[in-house]
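Single-letter residue listing:
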Amino acid sequence: MAGGARTGRRVVLTGAGVLSSIGFGVREFAAGLRAGRSGVRPIERFDTTGFDRANGCEIPDFQPAQWIHRLDPATLGRAAQFAVGAAGMAVADAGLTAAELRDRRGVVCVGTTDGGSGDLEQIVTARVRSSVEPETLALQRIPASTLSSSIARELQLSDVDVMTVATACAAGNYAIGSGFDAVRSGAADYALCGGADGMCRTTFTGFYRLRSVAPDVPRPFDVDRAGILTGEGAGLLLLEPLERARARGARIYAEILGYGLDCDARHQVAPDRSGVARCMRIALADAEIRPSEVDLISAHGTGTKANDVTEVGAIREVFGERPPRTVSMKSMLGHTMGAATALAAIGSAVAITERFIPPTINHRHTDPDCPIDCVPNEAAEAELRVVQNNGLAFGGNNAVVLLGRFDG
Amino acid sequence: MADPAVGAVITAWSAISPFGFGRAAFAAGVRNGGAKDRATAGAEGGDRAADVRGGAEGEDRAADVRGGAGGGDRVREVPGFVIEEALGKKGTFGMDRASALAVATVARLLGGDDDGGDGDGGVRPDADTAVVLGTTSGSNQTQVDFATASLTRRKPYFVEPAMMPFGLMNSAAAQCALWHGLTGANTTLADGPVSGLSTLAYGARLLAAGRASGVICGGVEELTPARRWLTPGEPDLGEGCAVLMLEPARVEKTNGGAAGVDAGDGTAGGGEAGGGRTVLAEIVAVDTRMCLDRDVTGAVAGSLRKLLADAGPAEVVAAATSTATAPDAGTAFAYDSEAEVAALREVVGPVPLIRPADLIGDTGAAGATFAMAALLATAPRPGLVIATASAPDGKIATVLLRLP
């Protein structure tokens, strides 16, 4: 169901914060995407003894104290640390200060798959291995609500609606959509929204058990693709009404044109082609964009057998025999769970601004069952007006966001 | 500024609670002002008296979870709620208790919840009916069991794959969609004890933006050994699920005979609308904010003043708090229902107060929806009612409802 006739304010992206395995900050992130950098390395965040394969896309050199100033990082789980760090970066990147945000009504909305699961795992491990009972501080790091509330506490924002969206691997797009609606309707004058997750043994184990962890690297759309690599990080976007951004002379990365949500209601873990296609149609209708106007699709593109063939099938159902170029940033970043669609949205925005298409790396032979141009291995120069950012999650939770070049 | 919640109405609700199955049981429990304690519930629930079990009964449950129900703590489970009995065997292998509670509660909402004799004929969802459910951390039991299995079995990946999606926080909402064929927006908000008001505000925002034809919103929390273990110092845990049906106040386009909604007629069941819809409450305003210091009372009071900016406190006929009393001084903020009560006394004055957590225990992410359900069930009509919620990490929310 689309929002129908466009009413309300135009919403633009004026700041972005990135913590990723291929770089911190928008500039480094954009350079990494353009270079086709791979975030793959052996997992060190947790004990991988007994697993036959254990690559991931970790952030090896994150120093929370470098990014978190008011709160004690020890009180925050890893995902909350990422969220807070990326939020501060997004505000600064927008040329704003936290003090300026305090005077406005705002929304803080962070998407996540695992929330504080990493801390829960450590508590369980301590009990199993050494019969140690959890401390209060560790328990306080578990609730996923801390991903968004910690941002408000770090930036001292009180006139703010804080929400944590826990719609698994599409959560970042859900959060962006929620922020978009709040700014568009006038309920808020800014939204700090996106997604965050930390490496999590449970998630790795689950995908491993489902035979969906790649032995070496993720190869989305490749005939030899064998699954995901789990990753971590955060992407936070600062959204503002256009008139405010203009009034303060802000740099505008992109306009958020609209989004769509739906649920397959078919299967717990397998995506459903018709449900995914419907979600894209909802988003396109909401943004009042025809399929032929989309220049690039940032796919969910996990690199599992099921996802890629289903997603490409849905894309061809909506876009016809000649769909726009369709890339997977997960080929570089791994699957960062709740952060994935938020990082991909930021990647989509910088692709528009810096006029290039991020490549799908590790690509050898396109699967004939995934007949799209995935821009293999090398970035391409391109003038992009509209980019579609797909998010598909376990539970059939689909979310698609459309970003457009801002031409005034 | 424009409040997106204005323009939405509650047209139905249901609950599965420590008072039992359905709306009538919950309403009677709240009216009677007391809850069955653990012993009573156990007797009614048969074999559940021995322990409080998690989702997938049987195989490899962490039966030895220390801190499990014991001592003088009260533990208030839904009496007699056994997943396979409630939902059958098909599709429930590995299912977490929270998802099962949610699926069963939404089934009652859709089916009209007619056990109490006040059935409303049910809710008729369409392809754009959304589900928005609140949680704290999903099913702790499933997560703990999964992690424990990985750590204790011969290979770390000798885990039950069917359990994996049930351990994700979006499981309950996704399962509701799967079981009931609900293809609209499907959102999980992890807002802990504030979730009920968060899902209401978010649902209203979906309606205002034209993203849903109706929204099933609410919250769910399971009572399991793992939750018990991870909530030390909370002496009174409860569980359950409560859901509200949220619809646009005005139906612009008629479809299959649906028509606009009139104001209610003042009967206890709410107003009968022209199109066959019953308006139980209109959302007048929602306020959300963050408390950045320890003055929760001050923050809730500020929220209430904003809520009542266009309405006099004298019109308020009842209020309900959501949050359980925080037992642990170690939490980041001194949150508890006492702060909500103090703020209500300060801003609204001496109105009848319902404190569901005193009746059914700390139901976590379901608490704020239970608070609204308690008001819908028992508050005098017509009049304004208020529900409040506060979270240990600082989120505050209040809602003003008009009961026809």
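The rules behind each value
- Residues numbered from 1 in each chain as written.
- Chains lettered and ligands numbered in written order.
- Predicted model: local features only at pLDDT ≥ 70, side-chain atom pairs only at ≥ 80, totals over all residues.
- Helix = DSSP H or I, 4+ residues; strand = E, 2+ residues; numbered from the N terminus.
- Contact = placed C-beta atoms within 7 Å.
- Nonpolar A, V, L, I, M, F, W, Y, C, P; charged D, E, K, R; others polar.
- Axes fitted to C-alpha atoms, helices over the stretch in contact; angles between N-to-C directions.
- Parallel < 35°, antiparallel > 145°, perpendicular 65-115°, else oblique.
- Buried ≥ 20, exposed ≤ 12 C-beta atoms within 10 Å, placed from the backbone.
- Pairing = 2+ DSSP bridges.
- Expected span 1.5 Å × (residues − 1).
- pLDDT = per-residue confidence, 0-100.

A. Local environment of the overall build of chain A. Scanning chain A for helices and strands turns up 14 helices and 15 strands. Nonlocal contacts in chain A, meaning residues at least 24 apart in sequence, comprise 79% of its contacts between residues at least 6 apart.

B. View of the interface of chain B and chain A. At the interface, 64 residues of chain B touch 65 residues of chain A. Contributing elements (two or more residues each) for the side of chain B that touches chain A: α5 (140–152), α6 (171–180), β5 (186–189), α7 (195–208) and β11 (281–290) of chain B. Tallied by class, the residues present in the side of chain B that touches chain A amount to 31 nonpolar, 24 polar and 9 charged.

C. Here's a closer look at the packing of helix α1 (residues 23–32) of chain B against helix α12 (residues 367–378) of chain B. Residue and element names in this part refer to chain B. Across the interface, α1 lies against α12 with an axial gap of 9 Å and an inter-helix angle of 85°. It follows from the interaxial angle that α1 and α12 lie roughly perpendicular. In this structure, α1 contributes F26, A27, V30 and R31 to the contact, and α12 contributes A373, A374, A377 and T378.

D. Local environment of helix α9 (residues 201–209) of chain A. The buried fraction of α9 of chain A amounts to 9 of the 9 residues, a majority that puts the element mostly inside the structure. Those residues of α9 of chain A not exposed but buried are R201, T202, T203, F204, T205, G206, F207, Y208 and R209 of chain A. As for α9 of chain A, its buried residues are in contact with β4 (55–56) and α5 (117–130) of chain A together with α5 of chain B. Positive phi appears at R211 of chain A, one or two residues downstream of α9 of chain A, with a value of about 55°.

E. Region of interest: unusual backbone geometry. With omega at -10°, the peptide bond leading from R381 of chain B into P382 of chain B counts as cis. Relative to the assigned elements, P382 of chain B resides in the loop between α12 and β14 (383–390). The backbone of M337 of chain A sits at a positive phi, close to 60°, despite the residue not being glycine. As for its position among the elements, M337 of chain A is in the loop between α13 (330–333) and α14 (340–354). Here the phi dihedral of N377 of chain A falls at roughly 70°; this positive angle occurs in a residue that is not glycine. In this fold, N377 of chain A is placed in the loop between β12 (356–357) and β13 (380–381).

F. Inspection of the pairing of strand β6 (residues 214–221) of chain B at higher detail. All names here are of chain B. Within β6, 8 of the 8 residues are buried, which leaves the element mostly enclosed by the surrounding structure. Burial of β6 is two-sided: the residues G214, I216, G218 and V220 facing one way and the residues V215, C217, G219 and E221 facing the other way are all buried. Where strand β4 (residues 129–134) meets β6, 6 bridges bridge the pair, whose relative direction is parallel. The partner of A130 across the bridge, within β6, is V215.

G. Here's a closer look at the environment of S150 of chain A. Residues and elements named next belong to chain A. Its place among the elements puts S150 in helix α7 (residues 146–155). Considering only alpha carbons, one finds S150 and V162, 12 residues apart in sequence, at a separation of 9.5 Å. Apart from the residues within four sequence positions on either side, S150 is in contact with L71, L76, A80, A83 and V84.

H. Examining the environment of A285 of chain B more closely. Turning to its location among the elements, A285 of chain B is positioned in strand β11. C-alpha of A285 of chain B to C-alpha of G20 of chain B: the two residues are 265 residues apart in sequence and 31 Å apart in space.

I. Expanded view of the pairing of strand β1 (residues 8–17) of chain B. Residues and elements named next belong to chain B. Of all 10 residues in β1, 10 are buried, a share of seventy percent or more. Note that β1 and strand β8 (residues 240–248) share 8 bridges and pair antiparallel. Note on β8: the bridge partner recorded for A8 is P248. Inspection of the sheet shows β1 paired to strand β2 (residues 20–21) by 2 bridges, in the antiparallel sense. Bridge pairing in β2 places S17 opposite G20. Remark: 2 residues form the turn of the hairpin made by β1 and β2, two consecutive strands paired antiparallel.

J. A look at α5 of chain B. For α5 of chain B, built from 13 residues, the straight-helix expectation of 18 Å at 1.5 Å per residue is met to within 8% by its first-to-last C-alpha distance of 18 Å. With respect to burial, α5 of chain B is a largely interior element, 10 of its 13 residues being buried. All of the buried residues in α5 of chain B are N140, Q141, T142, Q143, V144, D145, F146, A147, T148 and S150 of chain B. Buried residues belonging to α5 of chain B abut α5 and α9 of chain A together with α4 (97–111) and α8 (225–230) of chain B.

K. The confidence of the model for chain B, seen in detail. Residues and elements named next belong to chain B. Chain-level statistics for chain B give a pLDDT mean of 83 and a share of 77% at 70 or above. Across residues 253–270, where pLDDT falls below 50, the model places 41 contacts with residues more than four positions away in sequence or in other chains. Across residues 329–334, where pLDDT falls below 50, the model places 16 contacts with residues more than four positions away in sequence or in other chains. Across the assembled chains, the prediction reports ipTM 0.97 with pTM 0.93.

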